[in-house]
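Observations on chain architecture
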Amino acid sequence: MATFHFDLVSPEKIAFSGEVDQVDVPGEQGDFGVLAGHAPFVATLRPGILTVTTGGSQQKIIVLGGLAEISEKGLTILADVATSLKELDQTAFAAEISGMEAKLNEKQGNELDRAIERLDHFKTIQQQLNTTALH
């Protein structure tokens, strides 16, 4: 299988840099997979689990929004937050969700809509972590 270069960068660190076979990305308009030779485009990310496939093994990384750019040089993702499942503190993640729920009554209108949407994304990630993502 042909490989391509993939960089995953967050404000805190370079979370991944190397040659990969495939990357499955949680896009704002729907999930998409990237293989070598993919057509160039730019997409916004939603909070979700990114899957990096290299040599038959998979690495799962939680991203909490950002931007993906596919070019002839490969895939670059600028993530707001990028945390591998190995590094994730699930207790802190659950506490973050509880805090988001508690603050919903402080919001109105479009701000409330955005908060509910973000909370839904976080709950989906939590559900995936509790079922298939760790297997």
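Above this note sits the structure.
Residues numbered from 1 in each chain as written. Predicted model: local features only at pLDDT ≥ 70, side-chain atom pairs only at ≥ 80, totals over all residues. Heavy atoms only, no water.

Some details on the environment of Lys103
Structurally, the position occupied by Lys103 is in helix α1 (residues 90-103). The class of Lys103 is partly exposed, set by a relative accessible area of 47%. Through-space distance from the C-alpha of Lys103 to that of Ala115 is 8.9 Å; in sequence the pair is twelve residues apart. (Helix = DSSP H or I, 4+ residues; strand = E, 2+ residues; numbered from the N terminus. Buried < 20%, exposed > 50% of the residue type's maximum accessible area, 1.4 Å probe, protein only.)

Here we look at α1
Compared with the 20 Å implied by 1.5 Å per residue over 14 residues, the 20 Å span of α1 between its first and last C-alpha is a close match. Residues of α1 that are buried: Phe93, Ile97 and Met100. Summarising the axial view, the buried residues of α1 lie within an arc of 60 degrees, below the 170-degree limit, and thus occupy one face. Residues Thr91 and Ala102 are exposed on α1 and point more than 90 degrees away from its buried face. Of the surrounding secondary structure, the elements contacted by the buried residues of α1 are α2 (109-130). (Expected span 1.5 Å × (residues − 1). Arc of directions from axis to C-beta. Contact = heavy atoms within 4.5 Å.)

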